[in-house]
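# Survey of secondary and tertiary structure
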Amino acid sequence: MKYIIYFKIYQKLYIFISKYFLNSKTFSYSDSVSALVNGVDGVALSSPILEDGAILLNDSKQVSIRLCGVEQSYLKLISVDSVTYRGVFNIGTPDVPYLVVGAATAAQLETSVHFVSPVTVFTPIHDAKINLANPDGAFNQIELFVAGVYSVHQQDTDSRFAFLPISTARALFGQDSLCCTPIDIKTSKDIEKTKELLVSKLSELTTDLQFKVETKTELHAEFYKMLKVEKWITFL
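Parameters at a glance
Residues numbered from 1 in each chain as written. Predicted model: local features only at pLDDT ≥ 70, side-chain atom pairs only at ≥ 80, totals over all residues. Heavy atoms only, no water. Buried < 20%, exposed > 50% of the residue type's maximum accessible area, 1.4 Å probe, protein only. Helix = DSSP H or I, 4+ residues; strand = E, 2+ residues; numbered from the N terminus. Arc of directions from axis to C-beta. Contact = heavy atoms within 4.5 Å. Core = buried A, V, L, I, M, F, W, Y, C linked by side-chain atoms within 4.5 Å. Axes fitted to C-alpha atoms, helices over the stretch in contact; angles between N-to-C directions. Parallel < 35°, antiparallel > 145°, perpendicular 65-115°, else oblique. Left-handed = near helix turned anticlockwise from the far one by under 90°. Nonpolar A, V, L, I, M, F, W, Y, C, P; charged D, E, K, R; others polar. Polar contact = N/O pair within 3.5 Å; in protein donor to acceptor, adjacent residues only side chain to side chain. Salt bridge = Lys/Arg side-chain N within 4 Å of Asp/Glu carboxyl O.

### Here's the deal with helix α5 (residues 166-173)
- All of the buried residues along α5 are I166, T168, A169, L172 and F173. All buried residues of α5 fall inside an arc of 155 degrees around its axis, so they share one side.
- Buried-residue contacts for α5 involve β4 (49-58), β5 (61-70), β8 (119-124), β9 (139-144) and β11 (161-165).
- After α5 finishes, the residue G174 shows a positive phi value of roughly 70 degrees.

See the structure below:
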């Protein structure tokens, strides 16, 4: 069975390369792949994201989230000032990592920036067998202080994602498998051309890879179709 990597444009000037795991195989975003992507005409910047499920615990409060390991370059791809709700959108360093959580997650955990107690992050150890006498042995864990709280004013997003250094995520997840790579496009007119070039270049890496390119509108076709219907109903 082949891997499937999706290129998704969520914003006008961004492409996301997402990876779905099949048969427990992984796709590593190596330096050579990074160089290939950044070398494509029209690409201004790319920054890999390593994502997996995790549990955040603060005293008796706990929530399940998608933990995203990112590099500092990722902060250049988002509007940090506009989404920062409290504190600073600061993931720290590999030696001193910090956690950035959504406003909804912070409320559920009853935590925020400048708290004296850290949040405990639990991630499952892949292929580990759960010992009922010691269930914690099936999880990696780390205590991190919350440096920032973000909000995009969407409950699903503000309660779903948390961010930390990608090196810390690698240690917690025990793998270097790629989830997605946001790519900044130089100009909006380059989108279609850049999509074609990326597919062409990356398809040369291996025959085990299969690619699909979608714009934001194509990806959420049903959602946009519903919006059009609602607009017509309002007009009528």
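### A short note on the environment of S60
- Relative to the helices and strands, S60 resides in the loop between β4 and β5.
- By relative accessible area, S60 is classed as exposed at 66%.
- Each C-alpha atom, one on S60 and one on L109, is 8.6 Å from the other, the two residues being 49 residues apart in sequence.

### Some thoughts on the nonpolar core
- By size, the foremost hydrophobic cluster in this structure holds 22 residues, and its most contacted members are L56, L67, L99, V101 and V121.
- Residue assignment for this core shows that the elements contributing at least two residues are β4, β5, β7 (99-102), α3 (103-109), β8, β10 (146-150), β11 and α5.
- Sort the elements by how many residues they give to this core and α5 lands first, with four residues.
- Those residues in contact with V101 that lie beyond four places of it in its chain are L56, A106, V146, G148, V149, Y150, F161 and A162.
- Listed in part, the 13 residues of the second largest apolar core include F89, V100, Y150 and F163.

### Topic: the packing of helix α1 (residues 31-38) against helix α6 (residues 191-202)
- One can describe the packing of α1 onto α6 by two numbers: an axis separation of 10 Å at closest approach and a directional angle of 150 degrees. The angle between α1 and α6 places the two elements in the roughly antiparallel class. Relative to α6, the crossing made by α1 is right-handed. The residues of α6 that touch α1, namely those facing V33, L36 and V37, are L198, K201 and L202.
- Considering only residue class, the contact of α1 with α6 consists of five nonpolar, no polar and one charged.

### A look at the side chain of S47
- You can see S47 is positioned in the loop between β3 (43-46) and β4.
- Taking relative accessible area as the criterion, S47 reaches 0% and is therefore assigned buried.
- Here the side chain of S47 touches S73 through a polar contact of 2.8 Å, side chain to side chain.
- Separated by 3.2 Å, the side chain of S47 and the backbone nitrogen of Y74 make a polar contact.

### Quick notes on the side chain of S112
- Here S112 lies in the loop between α3 and β8.
- On the basis of relative accessible area, S112 is assigned to the buried category, the value being 11%.
- Apart from residues lying up to four places away in sequence, S112 is in contact with R86, V146 and V149.

### With respect to unusual backbone geometry
- Backbone geometry at D59 places phi at a positive 55 degrees, although glycine is not the residue there.
- On the basis of relative accessibility, which here comes to 70%, the residue D59 falls in the exposed class.
- A positive phi angle is found at E110, which is not glycine, with a value near 55 degrees.
- Its location among the elements puts E110 in the loop between α3 and β8.

### Remarks on the pattern of salt bridges
- Taken as a whole, this structure holds four salt bridges when the rule is applied.
- R66 is the salt-bridge partner of E51, the closest N and O atoms lying 2.9 Å from each other. Separated by 15 residues along the polypeptide, E51 in strand β4 and R66 in strand β5 bring together distant segments of the chain.
- Overall, E51 belongs to the buried group, its relative accessible area being 14%.

### Topic: the environment of R170
- Counting through the fold element by element, R170 comes out in helix α5.
- Residue classification places R170 among the partly exposed positions, given a relative accessible area of 31%.
- Sequence separation between R170 and G69 is 101 residues, and the spatial gap between their C-alpha atoms is 7.6 Å.

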